[in-house]
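Coordinates in review
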Amino acid sequence: MFSRFNVLWLRRYAFPENVRYYAGVHQKNPQLKLATATVETIKAKLASSSTPTAEEWKSIRLNILNERRFNITNVDSVVLGLCPNLRMGKSYIAFLHQQGLQTNLAIVGKLLRLYRLKEGKLTEEDESDIWRMYSELREQNAILDANTCEHAINALTLTKHWKHCLELLEMIKISGTPDSSSYNCIATKAFQSGDESTGWIMMQEMCENKRLPNDDSFLAWLDYSRKREDQPFSANLERMLQFTNDRSVFLSKRIGKQLLELPSEFGIRVQETRITDGGKCSSCKGTLSSIVVSEDMFQSLRDKFLTAVLINKEIFNRTTPEELNRFQAFLAKTLPYDVVIDGLNVAFSSGNQKSPIVYAQQVAAVVRHYVRQKKRVLVIGRKHMDKWRSREMKYIRENSFLFLTDDLSQDDPFLLYAALESGPKTDFFSRDLMRKHSFMLGNELSGVFKRWQQEHQYSLLSIMPDGRVLIKAPFKYELYAHKSCDNRWHVPLVELGYRIPKVEKQNDWLCLSIE
């Protein structure tokens, strides 16, 4: 069987960049999507407890072939992709054999993945079938495509042969980044097999590749930790919680339920709780840790932002050298500020079908709010705002600093750059999540940026008829699981851990103390 060394050699030398030679490369085609009505009809048919007859499979196959995008090469893979469980998938494969039709790489891959959806426990025969199909694939193909590798990983991690998945992971990297499912299947099986080193390598690597750990991986770690006699359960639990903090990962309510049900002999007391906007826990009455962006971290962020976000290979998508010079000269004359406002973001907060007078009123109301507090205000906008001739624009010009970028420039980088240049006490005002700019800073500074953003970003909720402005203030405390000095953890919970929720204070928390 192909060794891991050979895969790494192929990645480096045999396949030049942008040229991919591997089996089944044709599979990933975004155009091959069934019409919604067809999908719903077939799913309803396959939801039945009884397996379809040969005539019914023939009808399902024909329905798909009637859509011009599908042909005899890809139709069977599509049918298997709609099968809700292994029983249905095997029934369809039996139908194909009865009809004298050949199975291809895509079909075998889809069937392998269906072993994860078997009704009931896998038998020894099932495990043997998985290994047989995988072995045949490897005998016929030196390198498998990413899609087939992912399907095989989902199946092999149900068996004792799961370590072969590490080689498949390297194959996937030939053409891209492994998906969350591949990483999680390997991590889960590693923990279940007592190979904690491999499990945590997978957890770390998936987060580095912007993939999210799922419940199964965390639950497998907790189950493994319960069985260990050479180390306290609490130490392994804290390792998991610290990982979620380091990697900015939320745990799900399903994990929270498991923690609430921990036996008392583990010496861990867990209670459901709520956290106030002031960061206070309703259970222990303690306060969450404040966000800390050190002076050195802030300086690194400020130094890197200009080159990473405004001056890079895509500079002309964001600004021009002349405009950047003009902005830097403007900042040199007017710094520092207490708050930097995204003018258009505020103007369009109530919709983009209003008149310029309404837009100007929105911005003026926010400027007035800060001016009344004796704040020094900078408004960033675009040049077309110059056409908003009104009393409100006159007020904005007279009571704040105003910089208008070219209409084709992106104004968010100017907003953030001004706030950073102004110093660590300056806030900024915008509803934008700024995810793109965070990503461009790279792994090391992305976390620093998010903490700085969390501490300093304000946004508009509404403007009252009397002109009063309702503002959403930032939550200036830790958003993720963290430990306080009294050996107590506060753990936020989300509905689904594998979906990225909006990064804000969650409603549901656990207050967890270790005796």
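Right above here is the structure, for reference.
Residues numbered from 1 in each chain as written. Predicted model: local features only at pLDDT ≥ 70, side-chain atom pairs only at ≥ 80, totals over all residues. Heavy atoms only, no water.

**So, the pairing of strand E3 (residues 339–342)**
With burial as the criterion, each face of E3 is covered, one bearing Val 339 and Ile 341 and the other bearing Val 340 and Asp 342. Relative to strand E4 (residues 377–382), E3 runs parallel, the two being bridged by four bridges. Note on E4: the bridge partner recorded for Val 340 is Leu 378. For E3 and strand E6 (residues 427–429), the ladder comprises three bridges, and the chain directions are parallel. The residue of E6 that forms the bridge with Ile 341 is Phe 429. (Buried < 20%, exposed > 50% of the residue type's maximum accessible area, 1.4 Å probe, protein only. Helix = DSSP H or I, 4+ residues; strand = E, 2+ residues; numbered from the N terminus. Pairing = 2+ DSSP bridges.)

**A word on the packing of helix H3 (residues 54–65) against helix H4 (residues 75–82)**
Between two packed helices, the angle of one axis relative to the other and the distance separating the axes together describe the packing. Put simply, H3 and H4 touch, their axes get as near as 10 Å, and they point 115 degrees apart. Note on packing geometry: the crossing formed by H3 with H4 is right-handed. Counting all contacts with H3, which are made through Trp 57, Ile 60, Arg 61, Ile 64 and Leu 65, the residues of H4 involved are Val 75, Asp 76, Val 78 and Val 79. Of the residues belonging to the contact of H3 with H4, the class tally is seven nonpolar, no polar and two charged. (Axes fitted to C-alpha atoms, helices over the stretch in contact; angles between N-to-C directions. Left-handed = near helix turned anticlockwise from the far one by under 90°. Contact = heavy atoms within 4.5 Å. Nonpolar A, V, L, I, M, F, W, Y, C, P; charged D, E, K, R; others polar.)

**Examining unusual backbone geometry**
Pro 336 follows Leu 335 through a cis peptide bond whose omega is 0 degrees. With respect to the helices, strands and loops of the structure, Pro 336 is situated in the loop between helix H17 (321–334) and E3. Backbone geometry at Lys 210 places phi at a positive 60 degrees, although glycine is not the residue there. Assignment of secondary structure puts Lys 210 in the loop between helix H11 (196–208) and helix H12 (215–227).

**Things to note about the pattern of salt bridges**
For the structure on display, the rule yields 35 salt bridges. Across the pair Lys 173 and Glu 205 runs a salt bridge, and its minimum N-O distance is 2.8 Å. Of this pair, Lys 173 sits in helix H9 (residues 165–175) while Glu 205 is found in helix H11, placing the two residues 32 residues apart along the sequence. Residue Glu 205 is classed as buried on the basis of its relative accessible area of 17%. With a closest N to O distance of 3.9 Å, Glu 323 and Arg 326 form a salt bridge. In this pair, Glu 323 and Arg 326 are both assigned in helix H17, three residues apart and thus about one turn of the helix distant. Overall, the relative accessible area of 3% leaves Glu 323 in the buried class. By relative accessible area, which is 36% here, Arg 326 ends up partly exposed. Several salt bridges share partner residues, and in doing so they unite Lys 90, Lys 118, Asp 126, Asp 129, Arg 132 and Glu 136 into one network. (Salt bridge = Lys/Arg side-chain N within 4 Å of Asp/Glu carboxyl O.)

**Remarks on the sheet that holds E6**
Where strands meet in a sheet, backbone hydrogen bonds hold them as pairs that are either parallel or antiparallel. Taking strand neighbours across the sheet as the criterion, the six strands line up as E5-E4-E3-E6-E7-E8 in an open arrangement whose pairing is mixed. Each edge of the open sheet is held by one strand with a lone partner, namely strand E5 (401–405) and strand E8 (469–472). Across the sheet, the mean angle from the axis of one strand to that of its neighbour is 25 degrees, orientation sign disregarded. Bridge count for E6 against strand E7 (residues 457–463) is two bridges, and the pairing is parallel.

**What to know about the nonpolar core**
In terms of nonpolar packing, the biggest core is built from 84 residues, with Leu 168, Leu 237, Met 240 and Leu 241 touching the most fellow members. For this core, the element with the highest residue contribution is H9, accounting for seven residues. Excluding its chain neighbours within four sequence positions, the residues that come into contact with Leu 168 are Tyr 134, Arg 138, Leu 144, Cys 149, Ala 152, Ile 153 and Leu 156. If you look at the next biggest cluster of nonpolar residues, it comprises 29 residues, including Phe 403, Ala 418, Leu 445 and Phe 449. (Core = buried A, V, L, I, M, F, W, Y, C linked by side-chain atoms within 4.5 Å.)

**Overview of the side chain of Thr 334**
One can find Thr 334 in helix H17. A polar contact is formed between the side chain of Thr 334 and the side chain of Tyr 337, at a distance of 2.4 Å. In this structure Thr 334 touches Arg 376 and Phe 401, once residues within four positions along its chain are discounted. (Polar contact = N/O pair within 3.5 Å; in protein donor to acceptor, adjacent residues only side chain to side chain.)

**Brief notes about H17**
With 14 residues, H17 extends 20 Å from end C-alpha to end C-alpha; this agrees with the ideal 20 Å at 1.5 Å per step. Turning to H17, its buried residues number three or more, namely Glu 323, Leu 324, Phe 327, Phe 330, Leu 331 and Thr 334. Along the axis of H17, the buried residues cluster in a sector spanning 120 degrees; they form a single face. Opposite the packed face of H17, turned more than 90 degrees from it, sit the exposed residues Glu 322, Ala 332 and Lys 333. (Expected span 1.5 Å × (residues − 1). Arc of directions from axis to C-beta.)

**What to know about the packing of aromatic side chains**
One pass over the structure, following the stated rule, counts 23 aromatic pairs. Look at Tyr 370 and Phe 429: their rings are 6.1 Å apart centre to centre, the planes differ by 85 degrees, and that puts the pair in the edge-to-face class. Placement of Tyr 370 in helix H19 (residues 356–371) and of Phe 429 in strand E6 is noted, with a sequence separation of 59 residues between them. Judged by its relative accessible area of 8%, Tyr 370 falls in the buried class. Over the ring of Tyr 395 we find Arg 368; its NZ or CZ atom is 4.5 Å from the centre of that ring. (Phe/Tyr/Trp six-rings, centres within 6.5 Å; stacked < 30°, edge-to-face > 60°. Lys NZ or Arg CZ within 6 Å of the ring centre and 35° of its normal.)

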